[in-house]
Amino acid sequence: STEDPDSTGHEQVVFCQDKQSGLKAIIGIYSTALGPALGGTRFYPYASEADALHDVLDLSRGMAYKNALAGLDLGGGKAVIWGDPEKDKSESLLRAYGRFVQSLGGRYYTACDVGTYVADMDVVARETRFVTGRSVEHGGAGDSSVLTAWGVFQGMRAAAEHVWGSPTLAGRRVGVSGLGKVGKHLTAHLIEDGASVVATDVDQRAIDWVREAYPQVDLVDDAAAMVAADIDVYAPCALGGALADDTVSVLRAKVVAGAANNQLAHPGIEKQLADRGVLYAPDYVVNAGGVIQVADEIEGFNFERAKLRATRIYDTTREILRLADAEGVPPAVAADRLAERRMAEIGRLRTIH
Ligand code: NAI
Ligand code: K
């Protein structure tokens, strides 16, 4: 079972409790081989402590791989606060949490995730230095969706080059599912590059936005219609699990590259995609622009430097697609191998002296 940290290879798992503020949190540190573990704090009403633990172990491991491939000198960690962010979030709870982060002495840096926002990180920062994703006014990187979208676009260019020979989406039809913070920026990059965009969202405000900003965008009813549509590239930018058995069997796109985390509904989908001749640019590779943006805060935020680093997602994606071909494995497997190699090679250096 993945519930047991012993069997998952995590370095450290910390249970935090502050009865007065109601804080119950778990901080998972998968690896500090490349540097301090960085990953966001998810504030979520888990059904049980076992569910919270399961999530934090999974997510912290994922961050180690994402940060390794993003070329960051950072390991992988994540935290979960077990509670309802609408009801349970308070200054004292966030500050109690900040004190636990501080107590780890820099082994773990936190950031935003589902249920936590830039303003929350500003509060956490009143108790710890080891926090990113703060507001611009507090020296932070602000909204990370800007470079997330930029990085997804770069990864998509690499995938387009791999399939059609040229690193551009010009003349392609790209389906953007989810016009949220990332989807909006991505749509802008695609249109500028000369792609035609097909979009969908469940929120009428997002639809109104795109009708106004980009009247040339075609709309479809839902994600199912998107999958069945005549598109070259599918960009899942809403929730996880966009690629399930029923989607893969009808998908008409030749490339999948999008921002959503955990796009594969279950292990084995990457193989089904490869068997159908669909090139899947792994989610955690192409959506690393956000963590690149917040990680830059540790050095004192510089947007241009962070953008350059996110631009390299193009090179990384290319390298992964080539390795996948060379080793005869799906890109998701090649990405894991490359991440593991960097953690082992560079991590070893850090134990020499
Ligand atoms: P968001 O919450 O701003 O946007 C999500 C959009 O998807 C919303 O407009 C929502 O109405 C729409 N949506 C929800 N369910 C849908 C469905 N069934 N069909 C179509 N649209 C649907 O979130 P954001 O920040 O744009 O993130 C998008 C995805 O990218 C998420 O999965 C997130 O975890 C991931 N991601 C975001 C990063 C960031 O920096 N914002 C970084 C890395 C990953
Ligand atoms: K995130």
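Keep in mind that what you see is a predicted model, and the values were worked out from it rather than measured.

**Some words on the site of ligand 1**
Here's step 1: In the neighbourhood of ligand 1, 17 residues make up the surrounding shell, with Ser144, Thr148, Val182, Asp201 and Ala238 lying closest.
Here's step 2: At 2.6 Å from an oxygen atom of ligand 1 is found a side-chain nitrogen or oxygen belonging to Asp201.
Here's step 3: In the model, an oxygen atom of ligand 1 is placed 2.6 Å from a nitrogen or oxygen of the Ala238 main chain.
Here's step 4: Burial of ligand 1 by the surrounding chains reaches 72%, relative to a free accessible area of 830 Å².
Here's step 5: Elements with a contribution of two residues or more to the shell around ligand 1: helix 6 (145-164) and helix 7 (181-193).

**Examining the side chain of Arg134**
Here's step 1: Mapped onto the secondary structure, Arg134 falls in the loop between helix 5 (118-124) and helix 6.
Here's step 2: One polar contact links Arg134 to Glu297, side chain to side chain, over a distance of 3.0 Å.
Here's step 3: Those residues in contact with Arg134, other than ones at most four positions away along the chain, are Val118, Met121, Asp122, Ala125, Gly139, Gly140, Ala141, Gly142 and Glu297.

**What about the sheet that holds strand 11 (residues 255-256)?**
Two orientations exist for strands paired in a sheet by backbone hydrogen bonds: parallel and antiparallel.
Here's step 1: If you trace the six strands from one edge of the open sheet to the other, you get 9-8-7-10-11-12, paired in parallel fashion. At either margin of the open sheet sits one strand with a lone partner, and together these are strand 9 (218-219) and strand 12 (279-280).
Here's step 2: Two elements, strand 8 (residues 196-200) and strand 9, share two bridges in a ladder whose sense is parallel. Bridging across to strand 9, Ala199 finds its partner in Leu219.
Here's step 3: In the packing of helix 7 onto the sheet, contacts are made with strand 7 (173-177), strand 8 and strand 10 (233-236), and the angle to strand 7 comes to roughly 170°.

Calculation criteria
Residues numbered from 1 in each chain as written. Chains lettered and ligands numbered in written order. Predicted model: local features only at pLDDT ≥ 70, side-chain atom pairs only at ≥ 80, totals over all residues. Heavy atoms only, no water. Near = heavy atom within 4 Å. Polar contact = N/O pair within 3.5 Å; in protein donor to acceptor, adjacent residues only side chain to side chain. Areas by Shrake-Rupley, 256 points an atom, 1.4 Å probe, with all protein chains shown as cover. Helix = DSSP H or I, 4+ residues; strand = E, 2+ residues; numbered from the N terminus. Contact = heavy atoms within 4.5 Å. Pairing = 2+ DSSP bridges. Axes fitted to C-alpha atoms, helices over the stretch in contact; angles between N-to-C directions.

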